[in-house]
Structures are given as C-alpha cells and as structure tokens.
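Here's the letter readout for the chains.
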Amino acid sequence: PFSKAPERYVRSYAKMNIKYEGSTMNLDLLERKNKYSNGFCHWPQVAWIKPDGTWQPSTANFTSLADPKAVGSGHRAITTLFHEAGHAAHFSCIKQPSPLFGQEHPPF
C-alpha cells in the first residue's frame, strides 16, 4: 500500500548510500483538487558551490499522485514517488561552482 511508500523511499535511498548534502525535500504526495495530474520536481533553490567556497544546499519540491480512494492508485503513486525522488536526489548533489548547473535558471 502507498501508506508505506515514504518509509520505503527513505530506506531504499539510504541503502543506496544516497546523500542529500543538507538539502530540504518537500513532498506533496496525495491527489487533491486542482493539483496538476503528473509527477513533478522543482528546485526553488539549486545546490551549488558559492564563489567563497561555501556549499549552498538545494530545496526540492516534488509530487506524487496517490488517491487513497482509487484502486490501483498506489502503484502509480509509488512509481511516481521513486521517479521524482531520483531527480531530487540527483540535483541535490550537484557540486559545481555555478547555480546554472542545477538545471533551474534564475531570471536575469
């Protein structure tokens, strides 16, 4: 069941020795009215090494689509959770000297 998915996600990624380098992960996992019906991952703050050499951890927001009332929703939601979590893990660990390597481009 999907109710165990967040715990499985944390345990699975820990066993793969994935580090989030101090990043903040915000998960939005359940279906709700007016929510975009697809998985999504967004970084309002990308990870990067600042010019003074200090580390800026990322903030990632990612979604899944669990609907506790819908039969079969759990499989789709777990698949989406792990997929988007992979993006979040990857982009939380980019260690480059520019925020532009973090995929999200700031406005100029």
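1. A short note on the side chain of Ser58
Counting through the fold element by element, Ser58 comes out in the loop between β4 (55–56) and β5 (59–66). Under the relative-accessibility criterion, Ser58 is labelled buried at 1%. At a separation of 2.9 Å, a polar atom in the side chain of Ser58 contacts the side chain of Ser23. Apart from residues no more than four positions distant in its own chain, Ser58 is found in contact with Ser23, Thr24, Trp43, Gln45, Val46, Ala47, Phe91 and Ser92.

2. A look at the pattern of salt bridges
In this structure the tally under the stated criterion is 5 salt bridges. Notably, a salt bridge pairs Glu7 with Arg11, separated by 2.7 Å at the nearest N-O pair. One end of the pair is Glu7 and the other is Arg11, both in helix α1 (residues 5–15) and 4 residues apart, which spans about a single turn. Classification of Glu7 by relative accessible area gives partly exposed; the value is 46%. Relative accessible area serves as the criterion here: at 44%, Arg11 is assigned to the partly exposed category. Here Lys35 and Asp28 are joined by a salt bridge, their closest N and O atoms 3.5 Å apart. Note on Asp28: relative accessible area 26%, which makes it partly exposed. Linked through salt bridges whose partners overlap, the residues forming this network are Asp28, Arg32 and Lys35.

3. Here we look at α1
For α1, the full list of buried residues reads Ala5, Tyr9 and Tyr13. Each buried residue of α1 lies within a common arc of 60° when the element is viewed along its axis, so the set occupies one face. Within α1, the exposed residues directed more than 90 degrees away from the buried face are Val10 and Lys15. Lining the buried residues of α1 we find β1 (24–30), β5 and α2 (73–92). Downstream of α1 by a residue or two, Asn17 has a phi angle that is positive, lying close to 60°.

Cut-offs applied
Residues numbered from 1 in each chain as written. Predicted model: local features only at pLDDT ≥ 70, side-chain atom pairs only at ≥ 80, totals over all residues. Heavy atoms only, no water. Helix = DSSP H or I, 4+ residues; strand = E, 2+ residues; numbered from the N terminus. Buried < 20%, exposed > 50% of the residue type's maximum accessible area, 1.4 Å probe, protein only. Polar contact = N/O pair within 3.5 Å; in protein donor to acceptor, adjacent residues only side chain to side chain. Contact = heavy atoms within 4.5 Å. Salt bridge = Lys/Arg side-chain N within 4 Å of Asp/Glu carboxyl O. Arc of directions from axis to C-beta.

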